[in-house]
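# Structural overview
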Amino acid sequence: MFNAGVVYLNRFASTLKFKPLISQLFMNVKTIIFDFDGVLLLSTEAGLMFLRRAAIEERAGVPTPDFLKSNWGKNLENELFPLCARQFNWNQKTSLAISRRFDRLINNFIFPIPVGANEILRSLSERYELAIVSNRRRDSLIACCERSGLDFSVFKYCNDISAENIIKPDPRVFDFLWERACRPEEAVFVGDTINYDLA
């Protein structure tokens, strides 16, 4: 069975450090798998804001904050944008314009990382293999890490959705880890949205 949990990075590290009972649960863990957006990169609030802003600037139907929060974590291109198009009456031309404007806004933004994230990750990498499983493409992950200052080198494994186009919560997204790193029962997942992170 996969040791799945949804916690924030700083809470995760303090749990390991200060609670011996919880630490015992990690005795057989070999790999810690991290979601990227909302966990390693504090991008959720800005992403919500930029998507609404892109729709406003294109004079299109604007997704409500509640709608976006309840659907955040879905793959933008394949799920969230088509869902917004149906819900807020975006035609194909409008959807494309909003998508391009959103990309320009978000790609010029430097997202913050959790306080102490690099130190925590380096410390964890001394004992565990670290991995990223995200619905982003690998080149996007690396670019975000470079801009935000997150140390990408501590991650031994990283999925690349552009290779097979399998995205969370499809359980196959973890197969590359089960083949290379560990068995499911030897892994812990750190995420922020249970509906879209875990299969």
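Residues numbered from 1 in each chain as written. Predicted model: local features only at pLDDT ≥ 70, side-chain atom pairs only at ≥ 80, totals over all residues. Heavy atoms only, no water.

## Some details on the packing of aromatic side chains
Short version of the rule: Classification of ring pairs uses Phe, Tyr and Trp, with its six-membered ring standing for Trp, and accepts pairs whose centres are within 6.5 Å; under 30 degrees between planes counts as stacked, over 60 as edge-to-face, and the remaining range as tilted. Strands here mean DSSP runs of E at least two residues long; helices mean DSSP runs of H or I at least four residues long; both are numbered from the N terminus. Relative accessible area decides the class of each residue, using a 1.4 Å probe on protein chains only: under 20% of the type maximum gives buried, over 50% gives exposed, and in between gives partly exposed.
In total, this model carries nine aromatic pairs according to the counting rule given. Arranged with centres 5.7 Å apart and planes meeting at 90°, the rings of Phe 174 and Phe 189 form a pair that is edge-to-face. On the criterion of sequence distance, the pair formed by Phe 174 in the loop between α9 (161-164) and α10 (175-180) and Phe 189 in strand β5 (residues 187-190) is long-range, its members being 15 residues apart. In this structure, Phe 174 and Phe 189 share a single accessibility class: buried.

## Structural notes on helix α5 (residues 76-87)
Counted only if it meets this: It only takes one pair of heavy atoms within 4.5 Å for two residues to be counted as in contact.
The set of residues buried in α5 consists of Leu 80, Phe 81, Leu 83, Cys 84 and Ala 85. Its buried side turned inward, α5 meets α3 (44-57), α4 (65-71) and α6 (92-107). Directly after α5, the chain includes Asn 89, whose backbone phi takes a positive value near 55°.

## What to know about the packing of α5 against α6
Two packed helices can be described by the angle between their axes and the distance between those axes. Put simply, the rule reads: Each axis is a line fitted through C-alpha atoms, and for a helix only the stretch in contact is used; angles between axes span 0 to 180 degrees, taken between their N-to-C directions. For classification purposes, angles smaller than 35 degrees are called roughly parallel, those larger than 145 roughly antiparallel, those between 65 and 115 roughly perpendicular, and all remaining angles oblique. With the far helix as reference, a near helix turned anticlockwise by less than a right angle produces a left-handed crossing, and one turned clockwise produces a right-handed crossing. Three classes are used, and their members are as follows: Ala, Val, Leu, Ile, Met, Phe, Trp, Tyr, Cys and Pro are nonpolar, Asp, Glu, Lys and Arg are charged, and the others, Gly among them, are polar.
Orientation of α5 relative to α6, taken along the N-to-C sense of each, is 125°, at an axis distance of 11 Å. By the criterion of interaxial angle, the relationship of α5 to α6 is oblique. In this structure, α5 crosses over α6, and the sense of that crossing is right-handed. Between α5 and α6, the contacting residues are Leu 76, Phe 81 and Ala 85 on the first element and Ser 95, Ile 98, Ser 99 and Phe 102 on the second. For the contact of α5 with α6, the per-class residue count stands at five nonpolar, two polar and no charged.

## Side note on the nonpolar core
What counts is decided by this rule: Here, nonpolar core means buried Ala, Val, Leu, Ile, Met, Phe, Trp, Tyr and Cys residues that are tied together by side-chain atoms lying within 4.5 Å of each other.
The biggest cluster of nonpolar side chains holds 48 residues, and the ones touching the most others in it are Phe 34, Phe 36, Leu 40, Leu 51, Trp 90, Leu 130 and Phe 155. Looking at which element gives the most residues to this core, the answer is α3, with six residues. Once residues within four sequence positions are removed from consideration, Leu 51 is found in contact with Leu 68, Trp 72, Leu 80, Phe 81, Trp 90, Ile 98 and Phe 102. In terms of nonpolar packing, the next biggest core, distinct from the first, is built from 13 residues, Ala 131, Val 173, Phe 174 and Ala 187 among them.

## Comments concerning the pattern of salt bridges
Quick note on the threshold: Whenever a carboxyl oxygen of Asp or Glu lies within 4 Å of a side-chain nitrogen of Lys or Arg, that contact is scored as a salt bridge.
This model, assessed by the stated rule, comprises 10 salt bridges. With a shortest N-O distance of 3.2 Å, Arg 122 and Asp 151 are connected by a salt bridge. Taken together, the positions of Arg 122 in helix α7 (residues 117-125) and Asp 151 in the loop between α8 (138-148) and β4 (155-158) put the pair 29 residues apart, joining distant regions of the chain. The exposure class of Arg 122 is partly exposed, given its relative accessible area of 38%. What emerges from the salt-bridge pattern is a single network uniting Arg 53, Glu 57, Glu 58 and Arg 101.

## Notes on α7
One full turn of an α-helix is made of 3.6 residues, so residues set three or four places apart face in the same direction. Threshold: Directions pointing from the helix axis toward each C-beta atom define the arc.
All buried positions along α7 are accounted for by Ala 117, Asn 118, Ile 120, Leu 121 and Leu 124. Seen from one end, α7 has its buried residues packed into an arc of 160°, which puts them on one side.

## Points about the packing of α3 against α6
The geometry of α3 relative to α6 is characterised by a closest axis approach of 9 Å and an angle of 135° between their N-to-C directions. Considering the angle they form, α3 stands oblique to α6. Both α3 and α6 take part in a crossing whose hand is right-handed. Between α3 and α6, the contacting residues are Gly 47, Phe 50, Leu 51, Arg 53, Ala 54, Ala 55 and Glu 57 on the first element and Ile 98, Arg 101, Phe 102, Leu 105 and Ile 106 on the second.

## Focus on the confidence of the model for the chain
Here is the rule: Per residue, pLDDT measures the predictor's confidence, with a range of 0 to 100.
Per-residue pLDDT for the chain averages 83, and the proportion of residues at 70 or more is 85%. Mean pLDDT across the elements of the chain bottoms out in strand β1 (residues 3-5) (41) and peaks in strand β3 (residues 129-132) (95). The low-confidence segment residues 1-9 (pLDDT under 50) makes 36 contacts with residues lying over four places distant or belonging to another chain.

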